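A structural walkthrough
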Amino acid sequence: MKVSEMPYEHIPFDEFEKSAIEVINGVKNSKNADEVLEWREKYRELVIRYSTAMNLSYIRYSCNTADEFYVKENDYFDEIGPQVGNLMNMYNDALLNSPFRAELEEKLSPVLFKHMEVQAKAMSPEIIEDMIEENKIVSEYSKLMASMEFEFRGEKLSRAALAGYFKSDDRETRKEAYTVLGTVMNGYTEQLDDIYDRLVKVRTKMAQKLGYKNFVELGYYRMERVCYDKNDVETFRKNVLESIVPVVAKLRSENAKDLGIDKYMIYDNDVIIPGGDPRPSGNKEDIFNAAKEMYHAMSDESAAFIDLMLENEAFDVESRKNKWGGGYCTEIAKYKQPFILANFNGSADDVDVMTHEAGHAFNAFLIADNKFALEIGCGGMETAETHSMSMEFWTFPWLESFFGDKAEEYRKNHIANAIMRIPYRVGIDEFQHRIYQNPDMTPMERKAVWREIESTYMPWRTYDGNEFLEQGGYWMQNQHIFLYPFYFIDYAIAQLAAFEFYTQMRIDRKAAWDNYYKLCQAGGSAGYFQLLERCNLHNVLQEDSVKKVLSPIFEELGV
């Protein structure tokens, strides 16, 4: 069934609550483990119904944040979401405290119960009203960003469409596009400062109500990190600072020479080779046709996946006003259907996002019938992003279909860009730690922290008098900071795993695919470190692992 034709069902909360309480009491009153498992199946049916409605609503809302019906439904889910979360937590608690827990762990998985324990630490009836307030503020930010218009050379563009000009081969065009970005964003600075200030405060309030010193600990629990903590992430940031930042500085210096630039500016950030980034040689239909051919050649499983996606029109990729400005993949549980949203702008990003989100969607396709997928997905987000970032490299043999004779330039660009983005991602993570450890900072103090972090992790950045960026506002366009605190580091961790898969591919492509496929279909059956071991990948949260993993990549780049 086409995604556009899937019927939407409004879920009355009182109806959901009644069914959930029945399941919870059923688990508590079960006389043996098999009875608990029967109630679990009823719980799964209930959650499938709810999540299908919620995701269909969100898909249609994010495709058009001005659609009055789905705006109201999005507001409704903002209201009931925390209450539903509390009921789910009560169900988890019933399982965790079941007298049959040992037998249940054996029949299900200890990993599932570890996730439930972490979820319990992030939820309490005490914070429901605060969570509702947080959801409303997050929606306020999303609507604001989606409504912004950037007038550029006679056109009114979304931010995603404007970003296509950041990769132009003409430096003046890039500078003009960044000037427009800064000018428009500067006009919204007070609103953005206010939104973020309210988010920091409400998240801090929730953490303190739950007995945590600040939001950092609660943020990690919300990310369901069951294998590592903030100390491990701090070690990773330190290793990036020591092993990657100097290499990126060198690459940027060589990049500037190749481009004939005397002084490296922010508007040179997205261009690596003379002539600008290679652009796809065709339009949206050509990209989809090339993707179909590619995934059919890659494997039988990926062929079945892309056929499902295309047959059910499970994409929305046009950039337009009032559309959510990022990219994502989600799943419609009832129909076992992944869905991809993107914002094409004619740049290489169109292929990047297509292959990246397809990695998420391919994983969702593979684990649709896994017994843990509904409750814990594929595990943590570092695992999810490994699926997507590795898929970007799996597409390398077929890139001529997208870029013609510029395919090899794209490959080199993609590898260099992937390295160069890591310091930014790590910097965002440190920024969030600093902010939530000091929640009473003023907006100007937060921006000063960002400028300090930029000078540490990205010392090559210069803003050429762009007031919004000079004052430390660059981070405000990063939607993850507002929507998904502490998520962004997962991209950096996953990027290194993806690089290691790339190295495996060059040695033995079949063995590498077997490892990748093993990871994608695991579906929460093991913890992150166990999955790494199964797939012959290093744990980059350990000392010296970053250097080991990237050594062959640095060699390929000649640095």
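Moving on, we get to the environment of D130. Turning to its location among the elements, D130 is positioned in helix 6 (residues 128-147). Residues D130 and A368, spaced 238 residues apart in sequence, show a C-alpha to C-alpha distance of 33 Å. D130 has contacts with V202, K205, M206 and K209, leaving out every residue within four places of it along the chain. A distance of 3.4 Å separates the side chain of D130 from the side chain of K205, its partner in a polar contact.

Across the interface, helix 3 (residues 68-96) lies against helix 6 with an axial gap of 9 Å and an inter-helix angle of 150°. In terms of orientation, helix 3 lies roughly antiparallel with respect to helix 6. Both helix 3 and helix 6 take part in a crossing whose hand is right-handed. Between helix 3 and helix 6, the residues in contact are V71, N74, D75, F77, D78, E79, P82, Q83 and N86 and I128, M131, I132, N135, K136, S139 and K143, respectively. For the contact of helix 3 with helix 6, the class distribution of residues is 6 nonpolar, 5 polar and 5 charged.

This part takes up the environment of I80. Here I80 shows up in helix 3. In sequence terms I80 and D193 are 113 residues apart; their C-alpha atoms lie 27 Å from each other. Once you skip the residues sitting within four places of it in the chain, I80 turns out to touch I11, F13 and Y50.

Another point: the sheet that holds strand 4 (residues 328-332). If you trace the 3 strands from one edge of the open sheet to the other, you get 3-5-4, paired in mixed fashion. Two strands in the sheet have a free side with no partner beyond their single neighbour: strand 3 (315-318) and strand 4. Neighbouring strand axes in the sheet, compared pairwise and without regard to direction, differ in orientation by 15° on average. Sheet strands touched by helix 15 (residues 349-366): strand 3, strand 4 and strand 5 (337-344). Its angle to strand 5, the strand with the most contacts, is close to 170°.

Take the pattern of salt bridges next. The tally for this structure, following the rule as stated, stands at 48 salt bridges. Where E134 meets R203, a salt bridge forms, and the shortest distance between an N and an O atom there is 2.6 Å. Of this pair, E134 sits in helix 6 while R203 sits in helix 9 (residues 189-209), placing them 69 residues apart in sequence. The pair formed by E134 and R203 is uniform in burial state, with each residue classed as buried. For K201, the salt bridge is made with D197, and the minimal N-O distance between the two is 3.1 Å. On the criterion of helical spacing, the pair formed by K201 and D197 is a turn pair, its members being 4 residues apart in helix 9. For K201, a relative accessible area of 41% puts it in the partly exposed group. On the accessibility criterion, D197 (18% relative accessible area) is buried.

Definitions and cut-offs
Every residue gets a number counted from 1 within its own chain, in the order that chain's sequence is written. Local features are withheld for residues below a pLDDT of 70 in this predicted model, meaning they are given only at 70 or higher, and side-chain atom pairs are given and counted only at 80 or more; totals for whole chains, interfaces and linings count all residues. The basis for every side-chain value is the complete set of non-hydrogen atoms in the structure, without hydrogens or water. Counting from the N terminus, the helices are DSSP H or I runs at least four residues long and the strands are E runs at least two residues long. Contact between two residues is taken to exist if any of their heavy atoms lie within 4.5 Å; hydrogens are not considered. Definition of a polar contact: a pair of N or O atoms within 3.5 Å, with one able to donate and the other able to accept a hydrogen when the atoms are protein atoms, and with sequence-neighbouring residues admitted only if both atoms are side-chain atoms. Angles shown run from 0 to 180 degrees and are taken between the N-to-C directions of axes, each axis being a line fitted to C-alpha atoms and, for helices, limited to the stretch in contact. Put simply, angles under 35 degrees are roughly parallel, angles over 145 are roughly antiparallel, angles from 65 to 115 are roughly perpendicular, and the rest are oblique. The crossing is said to be left-handed when, going from far helix to near helix, the turn is anticlockwise and less than a right angle, and right-handed when the turn is clockwise. In this count, Pro and Cys sit with the nonpolar residues alongside Ala, Val, Leu, Ile, Met, Phe, Trp and Tyr, while Asp, Glu, Lys and Arg are called charged and the others, Gly among them, polar. The criterion for strand pairing is that DSSP finds at least two bridges linking the strands in question. A side-chain nitrogen of Lys or Arg and a carboxyl oxygen of Asp or Glu constitute a salt bridge if their distance falls within 4 Å. Relative accessibility thresholds used throughout: buried, under 20% of the residue-type maximum; exposed, over 50%; partly exposed, between the two (1.4 Å probe, protein chains only).

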